[in-house]
Amino acid sequence: MKFKNRGRKIYKTKEKRYYKKGRGRFINIALTVFLTGGLVFVGYSVAEPILRYTQKKGDSSISSLGNSSASSGKNEDSGNGSDSLEDMEKVYNCSFLSRSSLDDTDSLEYELEEIKDSGFEYAVVPLKLSGGKIYYSSEVRGTSYSGAIVSYLELSEIVSVIEESGLKSMAYMSVLDDNIYPSSYPDAGYRIADSGSIWLDDSPYNGGKPWLNPFSYDAVEYAESLADEITLAGFDNIIYADIVFPPFRESDIEYIGGDVEESGRYTALVTLANDLYQTAVKNTVPSMLEVSATDILSGDEEVFHPELLSTAMLVVKIDFDELGTIETSDGKVYEFSGDYATDAKKIMRIIKKDMEKFKVIIRLCGDNLYEEDFSDIKSELIKLGYKSFILN
């Protein structure tokens, strides 16, 4: 995300006691990663944010970053049940379920029938969405107390109903765009450096909310516990989305300080993505990382470092409501003012080279898209070699 300078902003909440968990002592080490074409040395300033939580968990190495498989763009875990050759060669024809489909089994069965009649093979199940709401009966610590659970179907029920429909199941989990959990567990969110007060993304009077912090052990543990619970339930695939920082203002960076000021802060996102990938590997579920096409083009997708990511499959989201004028990090300006199919083809052609190491599934979304629009868009993107799609 770009830093948006919208003026001074700092909001504090009073707490009777603030206990900051100790992170232990850190050693001045270097992180060495192998990149295609040579050896790159990444110093302590980049490695330290990752060590902040991996050392606390007792890890003896930095998770996923720096291993040869991730750094070379090859995936040595592909034979362990995640990102196998079969998964990479599949054509994914998917449709998102609505949130209301998870109200009860009757609603789920009805919507699955509609999806199947429309010719889709996969149902994408919105188990945790942006904002932090959870649409199933989770047993992960804190989900009930925080009020995150808004639907009470069991994961086993959801999987069973989808299997009986003849469709395949693809779980969808938003990771860090979560305002609910850190509201109840402040140590999982960002803190104001000077006071220790919880950071909000706007004034409380304007509905300002906290976010999950990838430098927080509590936040990482929460995300990994949910991923473990979901991937153990029997889904055919899982998509990890919203592995992002909040849209910080420059003043926010100053007030929070520390980790978010570091030029290598992206490593915390990459490490979390790789840890979640490993959770899926452990539970033999192929996983995908969702990224934004517009943010890749603008350079704002901080998790997107192909040479460091373990996953071999990306869901590239084209949100037509975000297209318009996009400026890249090197000052180039692109205008998207054509029809949906033309704009989709244009942006994917521009970023296509960045996708070379990955199996790509295109997710199409926008408030004013119609069925005929989807058909036209798919036809144009198929010409570029993309065959797998997720439709909202």
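Everything here concerns the structure above.
First, a word on scope: everything that follows refers to the structure included in this document. Quantities reported herein were computed from a predicted structural model and do not represent experimental measurements.

## Quick word on the packing of helix α4 (residues 105–117) against helix α5 (residues 155–165)
Thinking step 1. Closest axis-to-axis distance for the α4/α5 pair is 10 Å, and the angle between their directions is 35°. Here α4 runs over α5; the crossing is right-handed. Between α4, through T105, L108, E109, L112 and K116, and α5, the contact on the second element is made entirely by E157, I158, V161, I162 and S165.
Thinking step 2. Across the contact of α4 with α5, the residue classes break down as five nonpolar, two polar and three charged.

## Quick look at the environment of V281
Thinking step 1. Relative to the assigned elements, V281 resides in helix α9 (residues 266–282).
Thinking step 2. For V281 and T231, which are 50 residues apart along the polypeptide, the C-alpha to C-alpha distance reads 9.2 Å.

## Concerning empty space enclosed by the protein
Thinking step 1. Within this structure, the stated rule accounts for two cavities of 30 Å³ or more.
Thinking step 2. Of the volumes computed, that of the largest cavity is approximately 60 Å³.
Thinking step 3. Of the residues belonging to the lining of the largest cavity, the class tally is seven nonpolar, four polar and no charged.

## Considering the sheet that holds strand β7 (residues 287–292)
Thinking step 1. Spatially, the eight strands close up into a barrel ordered β3-β4-β5-β6-β7-β8-β11-β12, and their pairing is parallel. The mean inter-strand angle of the sheet, taken between neighbouring strand axes irrespective of direction, is 25°.
Thinking step 2. For strand β8 (residues 313–319) and strand β11 (residues 359–365), the ladder comprises seven bridges, and the chain directions are parallel. In the sheet register, K317 faces β11, and the bridge partner there is R363.
Thinking step 3. Sitting on the sheet, α5 touches β4 (122–128) and β5 (168–174), and the angle it makes with β4 is about 170°.

## Focus on the environment of G331
Thinking step 1. Mapping G331 onto the fold places it in the loop between β9 (325–327) and β10 (333–335).
Thinking step 2. Counting along the chain gives 33 residues from G331 to S298, while the straight-line C-alpha distance between them is 9.2 Å.

## As for the pairing of β7
Thinking step 1. Within β7, six of the six residues are buried, leaving the element largely enclosed by the surrounding structure.
Thinking step 2. With burial as the criterion, each face of β7 is covered, one bearing S287, L289 and V291 and the other bearing M288, E290 and S292.
Thinking step 3. In this structure, β7 lies alongside β8, joined through four bridges in parallel fashion. When the bridges of β8 are listed, L289 appears paired with L314.
Thinking step 4. On the question of chirality, the crossover connecting β7 to the parallel β8 by way of helix α10 (residues 293–298) is right-handed.

## Overview of the pairing of β11
Thinking step 1. Within β11, seven of the seven residues are buried, leaving the element largely enclosed by the surrounding structure.
Thinking step 2. Neither face of β11 is open: one carries K359, I361, R363 and C365, the other V360, I362 and L364, and all of them are buried.
Thinking step 3. Here four bridges tie β11 to strand β12 (residues 388–391), and the two strands are oriented parallel to one another. Among the inter-strand pairings, L364 is bridged to a residue of β12, identified as L391.
Thinking step 4. As for the winding sense of the linkage, the β-α-β connection from β11 through helix α12 (residues 371–383) to β12 is right-handed.

Calculation rules
Residues numbered from 1 in each chain as written. Predicted model: local features only at pLDDT ≥ 70, side-chain atom pairs only at ≥ 80, totals over all residues. Heavy atoms only, no water. Axes fitted to C-alpha atoms, helices over the stretch in contact; angles between N-to-C directions. Helix = DSSP H or I, 4+ residues; strand = E, 2+ residues; numbered from the N terminus. Left-handed = near helix turned anticlockwise from the far one by under 90°. Contact = heavy atoms within 4.5 Å. Nonpolar A, V, L, I, M, F, W, Y, C, P; charged D, E, K, R; others polar. 1 Å grid on protein atoms, 1.4 Å probe; cavity = no way out; pocket = protein on both sides within 12 Å on 5 of 7 lines; lining within 4 Å. Points joined across faces, edges and corners; volume = space filled by probe spheres on them. Pairing = 2+ DSSP bridges. Buried < 20%, exposed > 50% of the residue type's maximum accessible area, 1.4 Å probe, protein only. Right-handed = clockwise from strand over helix to strand, strands pointing away.

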